[in-house]
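Commentary on secondary and tertiary structure
What follows is the residue order along each chain.
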Amino acid sequence: MKLKDIREKRGVTQEQLADLSGVHQSVISAIERGHTLSPRLDTLKKLAGALGASVEELVAEDKLTGR
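Keep in mind it's a predicted model, so treat the numbers as computed, not measured.

A look at the side chain of T43
- Among the secondary structure elements, T43 is positioned in helix 4 (residues 41-51).
- A relative accessible area of 14% places T43 in the buried class.
- Beyond its immediate stretch of four places on either side in the chain, T43 contacts V23, V27 and I31.

What to know about the pattern of salt bridges
- In total, this model carries three salt bridges according to the counting rule given.
- For R7, the salt bridge identified is with E32, shortest N-O distance 2.6 Å. Taken together, the positions of R7 in helix 1 (residues 3-9) and E32 in helix 3 (residues 25-33) put the pair 25 residues apart, joining distant regions of the chain.
- By relative accessible area, R7 is classed as buried at 7%.
- A salt bridge links R40 to D42; its shortest N-O distance comes to 3.0 Å.
- The network of salt bridges with shared partners includes R7, E8 and E32.

What counts and how
- Residues numbered from 1 in each chain as written.
- Predicted model: local features only at pLDDT ≥ 70, side-chain atom pairs only at ≥ 80, totals over all residues.
- Heavy atoms only, no water.
- Helix = DSSP H or I, 4+ residues; strand = E, 2+ residues; numbered from the N terminus.
- Buried < 20%, exposed > 50% of the residue type's maximum accessible area, 1.4 Å probe, protein only.
- Contact = heavy atoms within 4.5 Å.
- Salt bridge = Lys/Arg side-chain N within 4 Å of Asp/Glu carboxyl O.

See the structure below:
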């Protein structure tokens with residue numbers, strides 16, 4: 001999942017993203033660390049909207065690393 005890459009590229013902390021999206025910071029952290037392998041679609045939509053990205057961008061695999 002590319003959530004962390006997109007978040008960092010936008011210069012947003014996990015805490016800021018939590019405030020913007022309404023998704024708890026611990027959920028964001030778990031997703032970024034791979035502890036939540038299948039986040040709910042509504043959660044992904046909230047995160048994508050807060051970052052100005054699409055859900056597809058968040059879940060796209062990196063072609064070089066396969067993650």
